[in-house]
Amino acid sequence: MAGAAASLAAGWLAPGMLLGANPGLTALLWITGLQEILLIGIPAALIALRSRASLERLKQVLALPDPVHAGLSMLGAVAFTMAGLLITLAAFGALQALGIPPDAPPAIDPGSLPQLLVAILCAALIPAVCEELLFRGVLWAALERRAGLRWAAAVSAFLFAALHFTLLGFPVLLALGFLLARVMQKRRSLILCVLFHAMYNLSILVINYSGSNPGLFLILLSCGIAYAALRLLLKEEQHGIANPRV
């Protein structure tokens with residue numbers, strides 16, 4: 001616990017110690033990646049490694065997934081990124097109707113290929129690994145043992161969305177959290193959750209970098225692709241061969 005506390009303190013103090021008065025995007029990205037590791041990744045890893053039993057559980061969910069499932073996870077994530085735009089637009093309209101100013105966080109908008117590569121590492125891959133280790137690894141396992149699958153899914157999804165501290169983004173992050181919970185429940189693979197999360201983050205970065213503005217047709221098509229990919233990914237496996245009729 002002392003190591004986790006030290007890592008949390010270092011992550012909390014890192015921006016003030018390392019950033020100047022007017023940091024550029026690249027510096028902010030490196031600090032973002034460092035904070036993810038210190039605030040989430042290291043504490044989650046220390047908790048996961050605290051006992052032989054937890055280490056064995058971690059090894060089981062880190063087994064390499066079926067290549068087909070990996071492909072479906074990545075395809076579903078890319079398509080869900082577009083579908084998530086509809087959720088965010090609905091949330092924007094709801095907040096405006098309630099008189100609540102939408103608190104859209106500043107978008108990560110890489111201005112060059114080197115910045116995009118740094119963003120992929122620090123704002124897509126590292127957060128996916130660290131956050132999945134915490135929310136679908138450590139937290140999921142603890143909640144499932146104590147409260148069952150439904151509470152594990154609901155609480156891990158809610159905390160995942162809430163700890164991003166964005167009211168406008170909360171609905172889409174909550175939906176993403178529930179999808180990741182279902183992947184964990186059905187496939188018992190933290191790797192698949194990391195792939196889904198990383199590809200979702202990566203898709204947003206690529207959209208921002210390209211400056212594209214997806215039209216309604218593309219968004220609706222993506223909804224259909226996401227639905228089909230996730231249905232196949234979460235489909236129950238058929239074990240054994242049914243007896244033929246005579």
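From a predicted model like this one, the values you see are computed outputs, not experimental measurements.

**Looking at the overall build of the protein chain**
- From N to C terminus, the protein chain includes nine helices and zero strands.
- If you list the helices and strands of the protein chain from N to C, you get α-α-α-α-α-α-α-α-α.
- Here the protein chain holds 246 residues, and 38% of them are scored as buried.
- Across the protein chain, the fraction of contacts at a sequence separation of at least 24, relative to all contacts at a separation of at least 6, is 77%.
- Summed over all atoms, the accessible surface of the protein chain reaches about 13800 Å², with 71% contributed by carbon and sulfur.
- Here the protein chain holds 15 positive side-chain charges and 10 negative ones, and the gap between their average locations is 12 Å.

**Some words on the pattern of salt bridges**
- For the coordinates displayed, the defined rule picks out three salt bridges.
- We note a salt bridge from glutamate 56 to lysine 59, for which the minimum N-O separation is 3.8 Å. Taken together, the residues glutamate 56 and lysine 59, both in helix H3 (residues 52–61) and three residues apart, mark about one turn of the helix.
- Under the relative-accessibility criterion, glutamate 56 is labelled partly exposed at 38%.
- With a relative accessible area of 49%, lysine 59 lands in the partly exposed category.
- The salt bridge involving glutamate 144 is made with arginine 188; its shortest N-O contact spans 2.6 Å.

**Some details on the packing of helix H6 (residues 149–162) against helix H7 (residues 170–187)**
- Orientation of H6 relative to H7, taken along the N-to-C sense of each, is 145°, at an axis distance of 8 Å. As H6 packs across H7, the resulting crossing turns out to be right-handed. In contact with Leu149, Ala153, Ala154, Ser156, Ala157, Phe158, Phe160, Ala161 and Ala162 of H6, H7 contributes Phe170, Leu173, Leu174, Leu176, Gly177, Phe178, Ala181 and Gln185.
- Each residue belonging to the contact of H6 with H7 can be placed in one class, and the counts come to 14 nonpolar, three polar and no charged.

**Things to note about the packing of aromatic side chains**
- Scanning all chains against the criterion turns up four aromatic pairs.
- Ring geometry for phenylalanine 80 against phenylalanine 196: centres 6.5 Å apart, planes inclined by 50°, an arrangement best described as tilted. Here phenylalanine 80, found in helix H4 (residues 67–97), pairs with phenylalanine 196, found in helix H8 (residues 190–210); they are 116 residues apart in sequence, far enough to count as distant. The same class applies to phenylalanine 80 and to phenylalanine 196, which are both buried.
- In textbook terms, an aromatic cluster arises when at least three aromatic residues are bridged by ring pairs, as seen for Phe80, Phe196 and Tyr200.
- The aromatic ring of phenylalanine 160 is capped on one face by arginine 136, whose charged end is 4.7 Å from the ring centroid.

**Regarding the confidence of the model for the protein chain**
- Per-residue confidence for the protein chain gives a mean pLDDT of 89; residues scoring 70 or more make up 95%.
- When mean pLDDT is taken per element in the protein chain, H8 scores highest with 96 and helix H1 (residues 2–18) scores lowest with 76.

**Section: the side chain of histidine 197**
- With respect to the helices, strands and loops of the structure, histidine 197 is situated in helix H8.
- Of the polar contacts made by the side chain of histidine 197, one reaches the side chain of glutamate 131; its length is 3.5 Å.
- Apart from residues lying up to four places away in sequence, histidine 197 is in contact with Pro127, Ala128, Glu131, Glu132, Phe160 and Leu180.

What counts and what doesn't
Residues numbered from 1 in each chain as written. Predicted model: local features only at pLDDT ≥ 70, side-chain atom pairs only at ≥ 80, totals over all residues. Heavy atoms only, no water. Helix = DSSP H or I, 4+ residues; strand = E, 2+ residues; numbered from the N terminus. Buried < 20%, exposed > 50% of the residue type's maximum accessible area, 1.4 Å probe, protein only. Contact = heavy atoms within 4.5 Å. Areas by Shrake-Rupley, 256 points an atom, 1.4 Å probe, with all protein chains shown as cover. Lys, Arg positive; Asp, Glu negative; His and termini not counted. Charge placed at Lys NZ, Arg CZ, Asp CG, Glu CD. Salt bridge = Lys/Arg side-chain N within 4 Å of Asp/Glu carboxyl O. Axes fitted to C-alpha atoms, helices over the stretch in contact; angles between N-to-C directions. Left-handed = near helix turned anticlockwise from the far one by under 90°. Nonpolar A, V, L, I, M, F, W, Y, C, P; charged D, E, K, R; others polar. Phe/Tyr/Trp six-rings, centres within 6.5 Å; stacked < 30°, edge-to-face > 60°. Lys NZ or Arg CZ within 6 Å of the ring centre and 35° of its normal. pLDDT = per-residue confidence, 0-100. Polar contact = N/O pair within 3.5 Å; in protein donor to acceptor, adjacent residues only side chain to side chain.

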